[in-house]
Amino acid sequence: MRNVDPAIQEVVVRQAVSVTGYAPNRAARSLMTRRADSVVLVASGAGVE
């Protein structure tokens, strides 16, 4: 909300978020930013007896 006047942000945007119960969708955000903000760990059983 960087481009929204703080007064409008408080009155309109935050009120709408509160009324609708809006929550950001992480999957949709990762599609837009092309970042998953995830860490992957791959472990192999090679050499383990």
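Each remark here, short or long, concerns the structure printed above.
Overview of the structure. (Residues numbered from 1 in each chain as written. Predicted model: local features only at pLDDT ≥ 70, side-chain atom pairs only at ≥ 80, totals over all residues. Heavy atoms only, no water.)

Brief notes about the overall build of the protein chain
Inference 1: A count of helical and extended segments in the protein chain gives 2 helices and 0 strands.
Inference 2: Counting only C-alpha atoms, the protein chain reaches 65 × 20 × 15 Å along its principal axes.
Inference 3: Per-residue burial for the protein chain yields a buried fraction of 2% across its 49 residues.
Inference 4: Counting only carbon and sulfur atoms, one obtains 57% of the accessible surface of the protein chain, whose full area is about 5,100 Å².
Inference 5: Positive and negative charge centroids in the protein chain, built from 6 and 4 side chains respectively, lie 7 Å apart. (Helix = DSSP H or I, 4+ residues; strand = E, 2+ residues; numbered from the N terminus. Buried < 20%, exposed > 50% of the residue type's maximum accessible area, 1.4 Å probe, protein only. Areas by Shrake-Rupley, 256 points an atom, 1.4 Å probe, with all protein chains shown as cover. Lys, Arg positive; Asp, Glu negative; His and termini not counted. Charge placed at Lys NZ, Arg CZ, Asp CG, Glu CD.)

Considering helix H1 (residues 6-20)
Inference 1: Counted at 1.5 Å a residue, the expected span for H1 with its 15 residues is 21 Å, and the 20 Å between its end C-alpha atoms agrees.
Inference 2: Within two residues after H1, Gly 21 carries a phi angle of roughly 75°, on the positive side. (Expected span 1.5 Å × (residues − 1).)

Some words on the environment of Met 32
Inference 1: Examined against the element boundaries, Met 32 turns out to sit in helix H2 (residues 26-33).
Inference 2: Relative accessible area serves as the criterion here: at 73%, Met 32 is assigned to the exposed category.
Inference 3: Spatially, the C-alpha atom of Met 32 lies 25 Å from that of Ile 8, the residues being 24 residues apart in sequence.

A short note on the environment of Arg 34
Inference 1: Its place among the elements puts Arg 34 in the segment after H2.
Inference 2: Sequence separation between Arg 34 and Ala 46 is 12 residues; the distance between their C-alpha atoms is 33 Å.

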